[in-house]
Number of protein chains: 2
Amino acid sequence: MAAASIRDVAQHAGVSVGTVSNVLNRPGEVSAESMQRVHRAIEDLGYVRNDAARKLRAGTSSTVGFVVLDGQNPFFGDVVRGAEDEASSHGIAVLYGNTDEDVARERLYLDLFEEQQVRGVLISPYSDINPRLERLRTRGIPAVLVDRFSGDGRFSSVSVDSVVGGRMAAEHLIETGRRRIAFVGGPFEIRQVTDRLAGARVAVENSTEPVDIDVVATAALTVAEGAAAGARIISRPRREWPDAIFAANDLLALGLLQALIVDGRMLVPEDIALIGFDDIAFASAAAVPLSSMRQPSGMIGRTALRILLEETSDPTLIPRQTVFLPQLVVRRSTAARGTTGKT
Amino acid sequence: MAAASIRDVAQHAGVSVGTVSNVLNRPGEVSAESMQRVHRAIEDLGYVRNDAARKLRAGTSSTVGFVVLDGQNPFFGDVVRGAEDEASSHGIAVLYGNTDEDVARERLYLDLFEEQQVRGVLISPYSDINPRLERLRTRGIPAVLVDRFSGDGRFSSVSVDSVVGGRMAAEHLIETGRRRIAFVGGPFEIRQVTDRLAGARVAVENSTEPVDIDVVATAALTVAEGAAAGARIISRPRREWPDAIFAANDLLALGLLQALIVDGRMLVPEDIALIGFDDIAFASAAAVPLSSMRQPSGMIGRTALRILLEETSDPTLIPRQTVFLPQLVVRRSTAARGTTGKT
DNA sequence: AATCTGAAGTGAATCGATTCAGGTTCGATT
DNA sequence: AATCGAACCTGAATCGATTCACTTCAGATT
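Residues numbered from 1 in each chain as written. Chains lettered and ligands numbered in written order. Predicted model: local features only at pLDDT ≥ 70, side-chain atom pairs only at ≥ 80, totals over all residues. Heavy atoms only, no water.

(A) The side chain of Glu86 of chain B, seen in detail. All names here are of chain B. Along the chain, Glu86 falls in helix 5 (residues 74-88). In this structure Glu86 comes out as buried when scored by relative accessible area, which is 5%. Of note is the side chain of Glu86, whose polar atom sits 3.2 Å from the side chain of Arg306. Sequence-distant contacts of Glu86, defined by excluding residues within four places in its chain, comprise Arg302, Leu305 and Arg306. (Helix = DSSP H or I, 4+ residues; strand = E, 2+ residues; numbered from the N terminus. Buried < 20%, exposed > 50% of the residue type's maximum accessible area, 1.4 Å probe, protein only. Polar contact = N/O pair within 3.5 Å; in protein donor to acceptor, adjacent residues only side chain to side chain. Contact = heavy atoms within 4.5 Å.)

Here it is as structure tokens:
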């Protein structure tokens, strides 16, 4: 049983294909009578529009591609979710691909999206793919960078100011009396990591008190790497133990927390404060609820999608950089020493 | 600058469009000479295949739709990931939509996938959509149910035996000396929840020792609901405290764990054992590493996709139900009372 | 009665990749 | 030399929705 085409519908309703198309696309220009008959026919035949034919003719689709860096990180899950919400209110679907920090897959998905003639592309880039995105643009497919500031201003971007976030986190640690801060994060190819560290350094330098900061490098932003980093910190001679840790993201922080609790010699927050970044859902659910720099993740997705749609409808728009400020969320893991603080 | 079409490529290379198509689709039937010239031309013109035209002609695409119940749950993230991996090794892309337990969105995505003529649909159903799936099937679009046994055998499914899983979890609690078990879960519209409880009841009845089990209902399978349920349990008179909790999934379990630790009167695992279901990544990273029933989540996704592809290539295949057994993962949260067990 | 107007409708051309019946070339075989 | 077949190539027809120049016709205007 072949699917019904627009021609079948036209025949069944006793009108021309043009009229059927008008019923579907500009209902104003059709008499009530035809309208009804066409709808009947559609119902009877179970007709469903063939998107391929429509797309071929129109040269564009109602799909948007999203190339995500790390689908396992709940932070990106929230961003995708926001984009999806916004998209579905515009009748647009999000096609989505995971790169897992793999250059080949990043390219694969961009090719795929180009073949599919998506309306536009959201991407949290891993490698430097500006040239690739330029080419897409000449094809009429705009792109918006997500969670990454567009340094050269060639594309619109939606991100969070990681430098400010890093500064706020470190200032919070200093204000609550900490003086020896360890920054845990890596790899340093990831822009956000270096920015957060840079921000923390600013806070340290601006401090009226003398504050130390040292760096513990990790190979990835995962729970496992966080736990490993924790073990390394614990194995230091006791007098070199920090009294605060700033983790580049919450996954690391959760790993660190686990390592510290298992070891048991340094209590959080009594002996050592711990703060993460992203404020994923699991941060507040940790055994010691985790302080964190909240990113408005859903909002990032929504905004990116909205900007993308604006650019598709007016290609002359100049790229604009949207930067949100992160927000300090204080929970028990950074309570000051004397405090019995619960959250 | 209009994008180059296959005709432009043919002209540029001095061959016919048919030959260009052959280069792209059956490289064996083309001389090395033409091959090279066509590839040159493709390079020069920056040609990219128009997927819409190809799909229109072929009547089918190389895309698969995945309708996911709860994109925020890391368990589904892992399933999607597995499906994606398998798909990409077949040159197939996964289009993915989140229903968030919303009937309207479920229908929306199915409509969308039908218009797009996807190859097939993976779905973890929320409402009863068998009729809708039947219609898709008459259109040549097969569907595979994910994480849900197909009761009437009309569709293939890939799931985990939740009854057995529930039994194993409860047996483990009983074997390690627990006698008063609380089952935390809900809503009971979700099949998995009732199955897991049913399994636990079987274990209790089969036990040679007298074992109590009672049910603490939740409104959703989330961390927040878990914490709330924990508070309710703690507020009971002391002699009615359970000595073990079986949570319907890990999100609940993590919430429960947090509530118990914050309160501090019941130690895990000394006073109360805690086991979850799914074995998401955060389970092992919890402050008290969480015992759980592991579901082979990635495998579920891979398998579902593989079955789907088989059904697309041979529509006469009879639906088959694939059921995995969950696996008990013992960590510290269910260590026997005397033990200093660490994991 | 002749003419015009606007609303409603028609149907052929179009988008670009694929397919396949038919054509050409050329070396091997008889 | 004639015949054959394999290898390779050609190009028109096709998929289905959209578009737009064109037709139709009821009713208004002169």
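Additional details are given in the paragraphs that follow.
(B) Examining the relation of the copies chain A and chain B more closely. For these two chains of identical sequence, chain A goes onto chain B by a turn of 179° and a shift of 0.2 Å along the axis, with RMSD 0.5 Å. The superposition of one copy onto the other is thereby described by a two-fold rotation axis. Looking at the interface residues of chain A, 96% of them are also at the interface in chain B, so both copies use one shared face. (Least-squares fit on C-alpha atoms with pLDDT ≥ 70 in both.)

(C) Geometry of helix 6 (residues 103-115) of chain B. Residues and elements named next belong to chain B. With 13 residues, helix 6 extends 19 Å between its outermost C-alpha atoms, agreeing within 8% with the 18 Å of an ideal straight helix rising 1.5 Å per residue. Here helix 6 starts with a cap whose side-chain oxygen sits 2.8 Å from the backbone nitrogen of Ala104, and that cap is Asp102. One or two positions beyond helix 6, positive phi appears at Gln117, with a value near 50°. (Expected span 1.5 Å × (residues − 1).)

(D) Representation of the interface of chain A and chain B. Facing 53 residues of chain A, the contacting portion of chain B comprises 52 residues. Taken over both partners, the interface formed by chain A and chain B buries close to 4,600 Å², and the fraction arising from carbon and sulfur atoms is 53%. Arg105 of chain B is the partner of Asp85 of chain A in a salt bridge, and the nearest nitrogen-oxygen pair spans 3.2 Å. Summed over the shared surface of chain A and chain B, the number is 15 residue pairs in polar contact (both at pLDDT 80 or more). Listing elements by their share of the side of chain A that touches chain B, those giving two or more residues are helix 4 (51-58), helix 5 (74-88), strand 2 (93-98), helix 6 (103-115), helix 7 (130-138), helix 11 (250-263) and helix 12 (281-284) of chain A. At seven residues, the largest contribution of residues to the side of chain A that touches chain B is made by helix 5 of chain A. (Buried area = accessible area lost by both parts, 1.4 Å probe. Salt bridge = Lys/Arg side-chain N within 4 Å of Asp/Glu carboxyl O.)

(E) Broad picture of the protein's contact with DNA strand D. Lining the immediate surroundings of DNA strand D are 24 residues, of which Ile6, Tyr47 and Arg57 of chain A together with Thr19 and Ser34 of chain B lie closest. In DNA strand D, atoms within 4 Å of the protein come from the sugar-phosphate backbone in 62% of cases. Contact between DNA strand D and Ile6 of chain A: a phosphate oxygen at 2.4 Å from a main-chain N or O atom of the residue. At 2.8 Å from a phosphate oxygen of DNA strand D is found a main-chain nitrogen or oxygen belonging to Ser16 of chain B. Elements represented by at least two residues in the surface near DNA strand D include exactly helix 1 (6-13), helix 2 (17-25) and helix 4 of chain A together with helix 2 (17-25) and helix 4 (51-58) of chain B. Among the elements that take part in the surface near DNA strand D, helix 4 of chain A stands out by supplying four residues, more than any other. In terms of residue class, the surface near DNA strand D is built from eight nonpolar, 10 polar and six charged. (Near = heavy atom within 4 Å. Nonpolar A, V, L, I, M, F, W, Y, C, P; charged D, E, K, R; others polar.)

(F) Examining the protein's contact with DNA strand C more closely. The local shell around DNA strand C holds 24 residues, among which Thr19 and Ser34 of chain A together with Ile6, Tyr47 and Arg57 of chain B are the closest. Between Arg57 of chain B and DNA strand C, the recorded distance is 2.5 Å, taken from a side-chain N or O atom to a base oxygen. When contributions to the surface near DNA strand C are tallied by element, the ones reaching two or more residues are helix 2 and helix 4 of chain A together with helix 1 (6-13), helix 2 and helix 4 of chain B. The leading source of residues in the surface near DNA strand C is helix 4 of chain B, at four residues. Class assignment for the residues of the surface near DNA strand C results in eight nonpolar, 10 polar and six charged.

(G) Focus on the domain arrangement of chain A. Residue and element names in this part refer to chain A. Taken domain by domain, chain A comprises domain 1 (6-49), domain 2 (60-160 + 297-325) and domain 3 (162-295 + 328-334). Centre-to-centre separation of domain 2 and domain 3, based on C-alpha positions: 30 Å. Between domain 2 and domain 3, the buried area comes to about 1,000 Å², and carbon and sulfur atoms account for 54% of it. In terms of surface lost to domain 3, no three residues of domain 2 exceed Pro74, Phe75 and Val160, which account for 40% of the buried area on that side. Linking domain 2 with domain 3 are zero salt bridges. The interface formed by domain 2 and domain 3 includes three residue pairs in polar contact (both at pLDDT 80 or more). (Domains from an automatic or database assignment.)

(H) Spotlight on the sheet that holds strand 6 (residues 180-185) of chain B. All names here are of chain B. Read from one edge to the other, the open sheet built from six strands follows the order 7-6-8-9-10-12, with strand pairing classed as mixed. Of all the strands in the sheet, the pair left with one neighbour each is strand 7 (212-217) and strand 12 (327-329). Put simply, the sheet's adjacent strands are angled 20° from each other on average, direction ignored. Sheet analysis places strand 10 (residues 291-294) next to strand 12, joined by three bridges and oriented antiparallel. Across the sheet, residue Met293 finds its bridge partner in strand 12, namely Leu328. Each of strand 6, strand 7 and strand 8 (244-247) is contacted by helix 10 (residues 223-234), which is oriented at about 130° to strand 7, the strand it contacts most. Those strands touched by helix 11 (residues 250-263) are strand 6, strand 8, strand 9 (273-278) and strand 10, and its axis lies near 155° from that of strand 9. (Pairing = 2+ DSSP bridges. Axes fitted to C-alpha atoms, helices over the stretch in contact; angles between N-to-C directions.)

(I) A look at the sheet that holds strand 9 (residues 273-278) of chain A. Residues and elements named next belong to chain A. Pairing is mixed in the open sheet, where six strands are placed in the order 7-6-8-9-10-12. Only two strands of the sheet have a single neighbouring strand rather than two, namely strand 7 (212-217) and strand 12 (327-329). On average, each strand axis in the sheet is inclined to that of its neighbour by 20°, with strand direction left out of account. Of the pairings in the sheet, the one linking strand 9 to strand 10 (residues 291-294) comprises four bridges and is parallel in character.

(J) Quick peek at the pattern of salt bridges. All names here are of chain A. Scanning the model with the defined rule gives 42 salt bridges over all chains in all. We note a salt bridge from Arg294 to Asp279, for which the minimum N-O separation is 2.8 Å. Within this pair, whereas Arg294 is found in strand 10, its partner Asp279 is found in the loop between strand 9 and helix 12, the two being separated by 15 residues in sequence.

(K) The arrangement of the environment of Arg119 of chain A in detail. Residue and element names in this part refer to chain A. Locating Arg119 in the fold gives a position in the loop between helix 6 and strand 3 (120-123). Look at Arg119 and you get partly exposed, because its relative accessible area is 28%. The spacing of Arg119 and Pro142 is 23 residues in sequence and 7.5 Å in space, taken between C-alpha atoms. Separated by 3.0 Å, the side chain of Arg119 and the backbone oxygen of Ser61 make a polar contact.

(L) Main features of the packing of helix 1 of chain A against helix 3 (residues 32-45) of chain A. Residues and elements named next belong to chain A. As a packed pair, helix 1 and helix 3 sit with axes 8 Å apart at the nearest point and diverge in direction by 120°. When the interaxial angle is binned, helix 1 and helix 3 end up oblique. Handedness of the helix 1/helix 3 crossing: right-handed. On helix 3, the residues touching Asp8, Val9, His12 and Ala13 of helix 1 are Arg37, Val38, Ala41, Ile42, Asp44 and Leu45. Here the contact of helix 1 with helix 3 is composed, by residue class, of six nonpolar, one polar and three charged. (Parallel < 35°, antiparallel > 145°, perpendicular 65-115°, else oblique. Left-handed = near helix turned anticlockwise from the far one by under 90°.)

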